[in-house]
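Spelled out from the first residue to the last, the chains are:
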Number of protein chains: 2
Amino acid sequence: MDNIVLIGNKPVMNYVLAVVTQFNADNAEVIVKARGKAIVRAVDTAEIVVRQFLPNVVKQSVTTSTDRIETDNGPSNVSCIEIILIKS
Amino acid sequence: MDNIVLIGNKPVMNYVLAVVTQFNADNAEVIVKARGKAIVRAVDTAEIVVRQFLPNVVKQSVTTSTDRIETDNGPSNVSCIEIILIKS
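Being a predicted model, the structure only gives us computed values, none of them experimental.

Rules behind the numbers
Residues numbered from 1 in each chain as written. Chains lettered and ligands numbered in written order. Predicted model: local features only at pLDDT ≥ 70, side-chain atom pairs only at ≥ 80, totals over all residues. Heavy atoms only, no water. Contact = heavy atoms within 4.5 Å. Buried area = accessible area lost by both parts, 1.4 Å probe. Salt bridge = Lys/Arg side-chain N within 4 Å of Asp/Glu carboxyl O. Polar contact = N/O pair within 3.5 Å; in protein donor to acceptor, adjacent residues only side chain to side chain. Helix = DSSP H or I, 4+ residues; strand = E, 2+ residues; numbered from the N terminus. Nonpolar A, V, L, I, M, F, W, Y, C, P; charged D, E, K, R; others polar. Pairing = 2+ DSSP bridges. 1 Å grid on protein atoms, 1.4 Å probe; cavity = no way out; pocket = protein on both sides within 12 Å on 5 of 7 lines; lining within 4 Å. Points joined across faces, edges and corners; volume = space filled by probe spheres on them.

Novice: Explain the interface of chain B and chain A to me, using residue names and the numbers behind them.
Specialist: Counting residues at the interface gives 18 residues for chain B, matched by 18 residues for chain A. Contact between chain B and chain A buries roughly 1400 Å² in total, counting both sides, with carbon and sulfur atoms accounting for 55%. It is Val40, Val62 and Thr64 of chain B that lose the most area in chain B upon contact with chain A, and together they represent 33% of the buried surface on that side. Scanning the region where chain B abuts chain A turns up 0 salt bridges. In this assembly, chain B and chain A are joined by 12 residue pairs in polar contact (both at pLDDT 80 or more). Going through the elements one at a time, helix H2 (39-53), strand E3 (57-71) and strand E4 (74-87) of chain B are the ones with two or more residues in the side of chain B that touches chain A. Considering every element that reaches the side of chain B that touches chain A, the biggest residue donor is H2 of chain B, with 7 residues. Taken together, the residues that form the side of chain B that touches chain A break down as 6 nonpolar, 7 polar and 5 charged.

Structure follows, in structure tokens:
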């Protein structure tokens, strides 16, 4: 099972469940990724997992970056976030 | 001058200007903070400052947390982000 959870527009609990499922499938590390407006949902997901569901999981790192994407109006920049969660 | 830029609902360039102004006023470190939906704007602000305005400034750390806030419907959790920018 790929250990990346890419955050989209679904309710945050969908992604919390996806992360919890991956840790229960014995992944030692799960990476939560998002771009643009979904960044808030990625932070929510990581915070809810760590605070409410898996106390033995910690945030190893949070990094931000910029992706270049093609839009109808030509190339554009979009912010990205990557949150690495690991079993402590 | 306090070196914290708290992100609200204004256009992102307002906050980019605030950060650039603080570095030009000889602050060695500027902390970009946001909660909830403004988290995306905080990431955008940091990325634009580092990529387009101040190449000598780097992201020292990005951390997320949860604040407990009072709402009309009682206490609630809100995600927070803190991005520390420093002159390299």
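Novice: Before we move on, could you go through the pairing of strand E4 (residues 74-87) of chain A and cite the residues and values that matter?
Specialist: Residues and elements named next belong to chain A. In this structure, strand E2 (residues 29-35) lies alongside E4, joined through 7 bridges in antiparallel fashion. Directly across from Ala34, in E4, lies its bridge partner Ile81. Pairing of strand E3 (residues 57-71) with E4, which is carried by 14 bridges, proceeds in the antiparallel orientation. Of the residues in E4, the one forming a bridge with Ile69 is Ser76.

Novice: So what about the layout of surface pockets? Which residues, and what values?
Specialist: Counted as a void, the largest pocket has a volume near 420 Å³. Forming the boundary of the largest pocket are 18 residues, of which Gly36 and Lys37 of chain A together with Val40, Arg41 and Asp44 of chain B lie nearest the centre. Taken together, the elements giving at least two residues each to the lining of the largest pocket come down to helix H2 (39-53) and E4 of chain A together with H2 of chain B. Ranked by residues supplied to the lining of the largest pocket, first place goes to H2 of chain B with 6 residues. Among the residues making up the lining of the largest pocket, the classes are represented as 5 nonpolar, 5 polar and 8 charged.

These figures come from the coordinates and say nothing about function on their own.
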